[in-house]
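Chain by chain, the residues:
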Amino acid sequence: MNAAPAIGPPLAVVLVLLTAAGAVLVRLGGLRLSREIAVASARATAQLAVVSLLIAAVLRHAGWTALFVVGMVTVAAATSARRVTGTSRAAPWTAVPIAVGAAPVLALLLVSTLVPPRPVAILPLAGILIGGAMTATALTGRHGLDELRKRRGEYEGGLALGLPPRDAALEVCRDSARLALVPALDQTRTVGLVTLPGAFVGVLLGGADPLQAGATQLLVLIGLLVAEPIAALLTLWLVATGRLADRRTP
């Protein structure tokens, strides 16, 4: 039985009400994010509508699926680059940790035959892994650059002691990678107790039994615990070597 919400006026009304409620709450709380919530909701609606129509065609051909995955990496890289450096010009560098983080996990799932080599199975898993690697890249990069700016004295002290610039930077910003992995760790620790993540809910809505949904979610969560550390460590190296930098970096 398909338990997905029906598309129609009730769905539109509920989405508008939720958006309005979020905007009003942040406005009353003085957070000045009302416009951002409205814009984000509108963008999500438009983007998902277009993507849903595209995916219907993409899933019919493995080549189109591969191209769509490349597009996801491209968008994720540009998003991370803007978060880290304030400009998308660093996207070629942020694409590296995102792709290198997601690819081996997805490859293992396919080679092990736990995930069938079909577009309908590959595309959502690739999206989850790319999204997790994107988050780890953005958080590590942004916090790493912030640490280098705030702790400039420690960085220069390391240089004075004879450390190479890369090693001096790593001493200052290494904790940023640890912080970037906290959300993934917390989600994994509390799965089933606090939240039922997207993969679990999606498989259930697709008609699978709870055990299958749990197995799928477990693969996703533990896969993210590999993809995100790879992305975070590579991003940390990119920051420490100056590949990712902004004008506030020492």
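Residues numbered from 1 in each chain as written. Predicted model: local features only at pLDDT ≥ 70, side-chain atom pairs only at ≥ 80, totals over all residues. Heavy atoms only, no water.

Trainee: Provide a residue-level description of the overall build of the chain, including the pertinent values.
Mentor: The secondary structure content of the chain amounts to 10 helices and zero strands. Ordered by position from the N terminus, the helices and strands of the chain form the series α-α-α-α-α-α-α-α-α-α. Once the C-alpha set of the chain is aligned to its principal axes, its extents read approximately 65 × 50 × 35 Å. A burial count over the chain gives 32% of its 250 residues as buried. Element-wise, carbon and sulfur atoms account for 69% of the exposed surface of the chain, whose accessible area totals about 14,800 Å². With 21 positive and 12 negative side-chain charges, the chain shows a separation of 9 Å between the mean positions of the two kinds. (Helix = DSSP H or I, 4+ residues; strand = E, 2+ residues; numbered from the N terminus. Buried < 20%, exposed > 50% of the residue type's maximum accessible area, 1.4 Å probe, protein only. Areas by Shrake-Rupley, 256 points an atom, 1.4 Å probe, with all protein chains shown as cover. Lys, Arg positive; Asp, Glu negative; His and termini not counted. Charge placed at Lys NZ, Arg CZ, Asp CG, Glu CD.)

Trainee: Can you tell me about the pattern of salt bridges, naming the residues and giving the values?
Mentor: A pair can form between side chains of opposite charge whenever their charged atoms are brought close. Per the counting criterion, the structure on display carries seven salt bridges. For R189, the salt bridge identified is with D186, shortest N-O distance 3.1 Å. Of this pair, R189 and D186 both sit in helix α8 (residues 182-190), three residues apart, which is roughly one turn of the helix. We classify R189 as exposed; its relative accessible area is 58%. What makes D186 partly exposed here is its relative accessible area of 37%. (Salt bridge = Lys/Arg side-chain N within 4 Å of Asp/Glu carboxyl O.)

Trainee: Hey, could you go over helix α7 (residues 165-180) for me, with residue numbers and the actual values?
Mentor: Because an α-helix packs 3.6 residues into every turn, residues spaced three or four apart end up facing the same way. Over its 16 residues, α7 runs 23 Å from end to end, which matches the ideal 22 Å to within 8%, given 1.5 Å per residue. Of all the bends in α7, the greatest, near 50°, is centred on V172. The set of residues buried in α7 consists of A168, A169, L170, V172, C173, S176, A177 and A180. Contacts made by the buried residues of α7 are with α5 (119-150), α6 (152-160), α8 and α10 (210-240). (Expected span 1.5 Å × (residues − 1). Bend = angle between axes of the 7 residues up to and from the residue. Contact = heavy atoms within 4.5 Å.)

Trainee: Outline the nonpolar core, supporting the account with residue identities and numerical values.
Mentor: By size, the foremost hydrophobic cluster in this structure holds 46 residues, and its most contacted members are I98, L129, I130 and L148. Elements with a contribution of two residues or more to this core: α3 (62-85), α4 (91-111), α5, α7 and α10. With 11 residues, α5 is the largest single contributor of residues to this core. (Core = buried A, V, L, I, M, F, W, Y, C linked by side-chain atoms within 4.5 Å.)

Trainee: Residue-level account of α4, with values.
Mentor: Between the first and last C-alpha of α4 there are 29 Å, a value that for 21 residues agrees with the 30 Å anticipated at 1.5 Å per step. What α4 keeps buried is the set A91, T94, P97, I98, G101, A102, V105, L106 and L109. Buried positions along α4 lie against α3, α5 and α10. Just past α4, the residue T113 takes up positive phi, approximately 70°.

Trainee: So what's going on with the environment of A232? Residues and values would help.
Mentor: Turning to its location among the elements, A232 is positioned in helix α10. Along the backbone, A232 and L11 are 221 residues apart, and their C-alpha atoms lie at a distance of 38 Å. Sequence-distant contacts of A232, defined by excluding residues within four places in its chain, comprise A136, T140, A177 and L181.

Trainee: Can you tell me about the side chain of T65, naming the residues and giving the values?
Mentor: In this fold, T65 is placed in helix α3. Overall, the relative accessible area of 4% leaves T65 in the buried class. Not counting residues up to four positions away in its chain, the partners in contact with T65 are V58, L59, P119 and L123.

Trainee: Help me get a handle on the packing of helix α2 (residues 34-58) against α3, residues and values and all.
Mentor: It is the contact of α2 with α3, at a shortest axis distance of 8 Å, that shows an interaxial angle of 140°. Between α2 and α3, the contacting residues are V51, L54, I55 and V58 on the first element and W64, T65 and F68 on the second. A per-class count over the contact of α2 with α3 returns six nonpolar, one polar and no charged. (Axes fitted to C-alpha atoms, helices over the stretch in contact; angles between N-to-C directions. Nonpolar A, V, L, I, M, F, W, Y, C, P; charged D, E, K, R; others polar.)

Trainee: How would you sum up the confidence of the model for the chain? Please name residues and give values.
Mentor: The pLDDT averaged across the chain works out to 86; a share of 90% of its residues lies at or above 70. Per-element mean pLDDT across the chain ranges from 63 in helix α9 (residues 198-205) up to 95 in α4. (pLDDT = per-residue confidence, 0-100.)

Trainee: Account for a nonpolar patch on the surface, with residues named and values stated.
Mentor: On the surface, V14, L15 and L18 cluster together to form a nonpolar patch covering roughly 270 Å² of accessible area. The residue V14 is located in helix α1 (residues 9-28) in this model. (Patch = residues over 30% accessible without salt bridge, like charges linked within 9 Å, V, L, I, M, F, W, Y side chains within 5 Å.)

Trainee: So what about the side chain of T140? Which residues, and what values?
Mentor: Residue position: T140 is located in helix α5. Among residues more than four places away in sequence, those in contact with T140 are S176, A177, A180, A232, T235 and L236.

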